[in-house]
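Listed here are the chains, written in short residue letters.
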Amino acid sequence: MPADERFAVRRESARASVPRPLTAAPAPAGVPLPPGLALRGRLATGARRPETPRGSGSGGSGSRTPRSGRGGGPRRAYERARRAWDRPLTAYYVILGSSLLITVLGLVMVYSASMIKALDISKPATYFFGKQFLAAVIGGGLMLIAARMPVKLHRGLAYPILMVTVFLMVLVQVPGIGMSVNGNQNWLYLGGPFQLQPSEFGKLALILWGADLLARKQDKRLLTQWKHMLVPLVPVAFMLLGLIMLGGDMGTAIILTAILFGLLWLAGAPTRLFAGVLGFAAVLAFLLIRTSPNRMSRLACMGVSEPDPEGGCWQAAHGIYALASGGWFGSGLGASVEKWGQLPEPHTDFIFAITGEELGLAGTLSVLALFAALGYAGIRVAGRTEDPFVRYAAGGVTTWITAQAVINIGAVLGLLPIAGVPLPLFSYGGSALLPTMFAVGLMIAFAREDPAAKAALAMRKPGVRWKTMRRRVKKRSSGER
C-alpha cells in the first residue's frame, strides 16, 4: 500500500477514536425528554433558546409580570409596612425609640424654654436644664432596671410601692413637712433645690397594685361579680384621690381617675357599672370645680383668643399666640418671644406652646406622632399577651401617658381647661419624669416577655448565632482547603 493511502487510513481511524459529544436522540412523538438529556443535547448542537421580544409575553403584547419585591405601587408598599409592623420586635423598638426621642427632644425644649426664666430668678441659664438632665439620667437607669426585671418581680413590688406612696402622700399634709407650690400642698422638700411630688408616684402605684389585684381575681374567676370588680380597687383609688385633693391638685386627680376607668374597662366592667362609676366621678368633679373660684376661672378660659382687661386667661391666650406665630416651621430654636415673660409657665405646663412657636407645625406634629406611636405600641402589647397582669398593667400605663398628653395638649390648644399637668417625658419636672420612665421600662419588659419577641431576641445574641452557624456548617477534613 502506498504511503499516502496508509496516512489517510490512519487519519480516519484517529478521528473515529475521538469521543463525540452526546446528542439527544429524537424522542418519540408525545414523549418529553428528561431535563438533563435535553440540556446536553442543546449544548452539543449549539441550539439557543429563541429570544422573546421585549414587551411581548404570555400575558399579551406589552404586558410584563413584575418581579416580587419590586414595584407594585401603594398597595405593595402598604403590604410591606403591614408585614414590618407585624414583626415580633416591632412594639419593643417602637416603645424604646419613641420614648427616648420624646425625652431627648424634651430636654432640648426645656433648655430653650427655661433659660430666660432662670436668668430672671438670678440663676444660670442652664439651671432648669441641669436639674432635668439629672432627672433624665436617673430615670434612664430606672427604665433600664424595669426593662430587665421579670414580670414576677414587678408584681412583687406592687404592694410595697403602694404603701410607700400612701405614706409619703400623708406626710405631705403634715404641717412643717409638706410644701405648697402655686397654691397646691403636694410637695416634699428634699434639701437644696430638690423637691418631690409623691402624687406622681401614686399613678404608678395604682397601676401595679390594681393590675396585680385584677389578675389574681381573674385567675379565681371572680371578676364576673361586680362586688369583686369594685372592691377593693375603687375604695383604694378613692383614698388616693382624697389625699391628692387635700392638696388641691385637680389635674393629677383627673389622671388617676382616667387610670381607674382604664383598669375597669380592661377588666370587662359592664356598661351599667361603668356608667355608674363615671357618673359619680362626673358629679364629684362638678362639685369640686363649682366650689373653687380658681377652677371656675380655668374652665372659663376655654377657647379664648385674647386675655380679658383684668388680666384673666393670660396664660391660655398667650399659649395660642405662641402657636399661631410659629407658622409651618417655626421661628427657630431659641427664638421664642413668648418665653420672655409673656407666658407664665413656658417650660412646664405650656412647653408645647413654645415648641410650636420655635419648631412650628412640623415640630408639634412630630411630637404628636411620637406619642401616637407610643400609645399604639402599648395597646399592641396589652392586646397580644396571654398574661392578665401584663394586659392590665400595659393598658394602665398606656391610659396614663395618653390621657395626660391629651389633657396637656388640649389645654394648650384651648380645647380643654388648664389642668396643670405636665406633658409626659417632655415637660420640666423630675417628680413626673422618674415614674413615667419607670413605667416605660415596664412596657419594654412586657414587650420582651412575648414568646415570639423572646425567640427573636435570643437569635440576635452573638453566642446563639455562633452556635447556630457551627451546627449548620459541614465539618471539613484536615486536608481540605
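Residues numbered from 1 in each chain as written. Predicted model: local features only at pLDDT ≥ 70, side-chain atom pairs only at ≥ 80, totals over all residues. Heavy atoms only, no water.

A.B. asks: What exactly am I supposed to notice about the layout of surface pockets here?
C.D. replies: The method is simple in principle: a probe with the dimensions of a water molecule rolls over the atoms, and the space it marks as empty is what remains. There is about 370 Å³ of room inside the second largest pocket. What lines the second largest pocket is a set of 16 residues, and nearest its centre among them are Tyr-92, Ala-147, Arg-148, Arg-448 and Leu-457. When residues of the lining of the second largest pocket are traced back to their parent elements, those giving at least two are α4 (90–120), α5 (127–148), α17 (430–448) and α18 (451–459). The dominant element in the lining of the second largest pocket, judged by the number of residues it contributes, is α5, at 4 residues. Taken together, the residues that form the lining of the second largest pocket break down as 11 nonpolar, no polar and 5 charged. (1 Å grid on protein atoms, 1.4 Å probe; cavity = no way out; pocket = protein on both sides within 12 Å on 5 of 7 lines; lining within 4 Å. Points joined across faces, edges and corners; volume = space filled by probe spheres on them. Helix = DSSP H or I, 4+ residues; strand = E, 2+ residues; numbered from the N terminus. Nonpolar A, V, L, I, M, F, W, Y, C, P; charged D, E, K, R; others polar.)

A.B. asks: For this particular structure, what's the right way to read the state of the cysteines?
C.D. replies: Simply put, disulfide is the name for a covalent bond between the sulfur atoms of two cysteines. Tallied over the full model, the rule gives 1 disulfide. Bridging Cys-301 to Cys-313, the disulfide has an S-S length of 2.1 Å. Every disulfide takes its handedness from the sign of the S-S torsion; for Cys-301 and Cys-313 that torsion is -90 degrees, giving left-handed. Taken as a pair, Cys-301 in the loop between α13 (293–300) and α14 (314–324) and Cys-313 in the loop between α13 and α14 lie far apart in primary sequence, 12 residues in all. Exposure class is identical for Cys-301 and Cys-313. Each is buried. (Disulfide = S-S within 2.5 Å. Buried < 20%, exposed > 50% of the residue type's maximum accessible area, 1.4 Å probe, protein only.)

A.B. asks: Teacher, can you tell me more about the pattern of salt bridges here?
C.D. replies: Should the charged atoms of two oppositely charged side chains come close, the side chains can pair. As enumerated under the stated definition, the model contains 4 salt bridges in all. We note a salt bridge from Asp-212 to Arg-216, for which the minimum N-O separation is 3.2 Å. Residue Asp-212 and its partner Arg-216 are both found in helix α8 (residues 198–219); the two are separated by 4 residues, about one turn of the helix. One salt-bridge network, in which partners are shared between bridges, spans Arg-155, Asp-212 and Arg-216. (Salt bridge = Lys/Arg side-chain N within 4 Å of Asp/Glu carboxyl O.)

A.B. asks: How should the pairing of strand β1 (residues 178–181) be read in this particular structure?
C.D. replies: It is a general feature of regular strands that their side chains alternate between the two faces of the sheet. Judged from the 4 bridges that link them, β1 and strand β2 (residues 184–191) form a sheet pairing that is antiparallel. Looking at the pairing, Gly-178 lines up with Leu-188 of β2. (Pairing = 2+ DSSP bridges.)

A.B. asks: Please clarify how the nonpolar core should be interpreted in this entry.
C.D. replies: The tendency in soluble globular proteins is for nonpolar side chains to be buried side by side. Counting residues in hydrophobic clusters, the biggest one holds 107 residues, and the most contacted among them are Ile-95, Leu-233, Leu-264, Phe-389, Tyr-392, Leu-423 and Phe-446. With 13 residues, helix α16 (residues 388–412) is the largest single contributor of residues to this core. Setting aside residues no more than four positions away along its own chain, Ile-95 makes contact with Leu-374, Ala-377, Val-381, Val-440, Met-443 and Ile-444. (Core = buried A, V, L, I, M, F, W, Y, C linked by side-chain atoms within 4.5 Å. Contact = heavy atoms within 4.5 Å.)

A.B. asks: Whenever I open this one, the packing of aromatic side chains confuses me. Can you help?
C.D. replies: Two numbers describe a pair of aromatic rings. These are the distance of the centres and the angle of the planes. Evaluation of the coordinates by the stated rule reveals 8 aromatic pairs. Pairwise contacts between aromatic rings join Tyr-111, Phe-129 and Phe-133 into one cluster. Positioned above the aromatic ring of Tyr-392, the side-chain terminus of Arg-391 is 5.4 Å from the ring centre. (Phe/Tyr/Trp six-rings, centres within 6.5 Å; stacked < 30°, edge-to-face > 60°. Lys NZ or Arg CZ within 6 Å of the ring centre and 35° of its normal.)

A.B. asks: Where do I start with the environment of Gly-327 in this structure?
C.D. replies: Mapped onto the elements, Gly-327 comes out in the loop between α14 and α15 (351–384). Along the sequence, Gly-327 and Glu-358 sit 31 residues apart, while their C-alpha atoms lie 9.1 Å from each other. Aside from chain neighbours lying at most four places away, what touches Gly-327 is Gly-360 and Leu-361.

A.B. asks: Quick question: what am I supposed to make of the confidence of the model for the chain here?
C.D. replies: One rule of thumb: low pLDDT means the predicted coordinates there are not for detailed reading. Overall, the prediction assigns the chain a mean pLDDT of 82, with 80% of residues at 70 or greater. Throughout residues 21–25 the model reports pLDDT below 50, and contacts reaching past four residues in sequence, or to other chains, amount to 8 contacts. Between residues 468–481, whose pLDDT stays under 50, and residues either more than four places distant or in other chains, the model counts 2 contacts. (pLDDT = per-residue confidence, 0-100.)

A.B. asks: Any chance you could explain helix α12 (residues 271–290) here in plain terms?
C.D. replies: Given 3.6 residues per helical turn, the α-helix brings residues three or four places apart onto the same face. Taking 1.5 Å of rise per residue, the 20 residues of α12 would be expected to cover 28 Å, and the 28 Å separating its terminal C-alpha atoms lies within 8% of that figure. Burial in α12 covers these residues: Leu-273, Val-277 and Ala-281. The buried residues of α12 occupy an angular sector of 60 degrees when the element is viewed end-on, so they sit on one face. Opposite the buried face of α12, by more than 90 degrees, sit the exposed residues Thr-271, Arg-272, Val-283, Phe-286 and Arg-290. Those residues of α12 that are buried are in contact with α9 (226–230) and α11 (250–266). (Expected span 1.5 Å × (residues − 1). Arc of directions from axis to C-beta.)

A.B. asks: I would appreciate a short explanation of the packing of α11 against α12 in the present structure.
C.D. replies: Packed helix pairs are specified by the crossing angle of their axes together with the interaxial distance, meaning the distance between the axes. Packing of α11 against α12 leaves a shortest axis separation of 11 Å and a crossing angle of 175 degrees. With respect to each other, α11 and α12 are oriented roughly antiparallel. Across from Met-250, Thr-257, Phe-261, Leu-264 and Trp-265 in α11, the residues of α12 making contact are Phe-274, Val-277, Leu-278, Ala-281, Ala-285, Leu-288 and Ile-289. Residue composition of the contact of α11 with α12, grouped by class: 11 nonpolar, 1 polar and no charged. (Axes fitted to C-alpha atoms, helices over the stretch in contact; angles between N-to-C directions. Parallel < 35°, antiparallel > 145°, perpendicular 65-115°, else oblique.)

A.B. asks: How do you make sense of the pairing of β2 when you look at a structure like this?
C.D. replies: Taking the residues that link successive antiparallel strands as the turn, the β1-β2 hairpin has 2 residues, and the phi of Asn-182 there is positive, at about 55 degrees. Hairpin connection, β2 to strand β3 (residues 194–196): the antiparallel pair is bridged by 2 residues, and Gly-192 has positive phi, about 70 degrees.

A.B. asks: When you look at a positive patch on the surface in this model, what are you seeing that I'm missing?
C.D. replies: Among the surface-exposed residues, Arg-80, Arg-83, Arg-87 and Arg-460 lie close enough to one another that they form a single positively charged patch. By the element assignment, Arg-80 lies in helix α3 (residues 73–85). (Patch = residues over 30% accessible without salt bridge, like charges linked within 9 Å, V, L, I, M, F, W, Y side chains within 5 Å. Areas by Shrake-Rupley, 256 points an atom, 1.4 Å probe, with all protein chains shown as cover. Lys, Arg positive; Asp, Glu negative; His and termini not counted. Charge placed at Lys NZ, Arg CZ, Asp CG, Glu CD.)

A.B. asks: I'm lost on the packing of α14 against α15 in this one. Help?
C.D. replies: For the pair α14 and α15, interaxial distance at closest approach is 7 Å and the crossing angle is 30 degrees. In this view, α14 runs roughly parallel relative to α15, as classed from their interaxial angle. Read as a crossing pair, α14 and α15 show a hand that is right-handed. Facing Gly-319, Ala-322 and Leu-323 of α14, the residues of α15 in contact are Phe-352, Ala-353, Gly-356, Glu-357 and Thr-364. (Left-handed = near helix turned anticlockwise from the far one by under 90°.)

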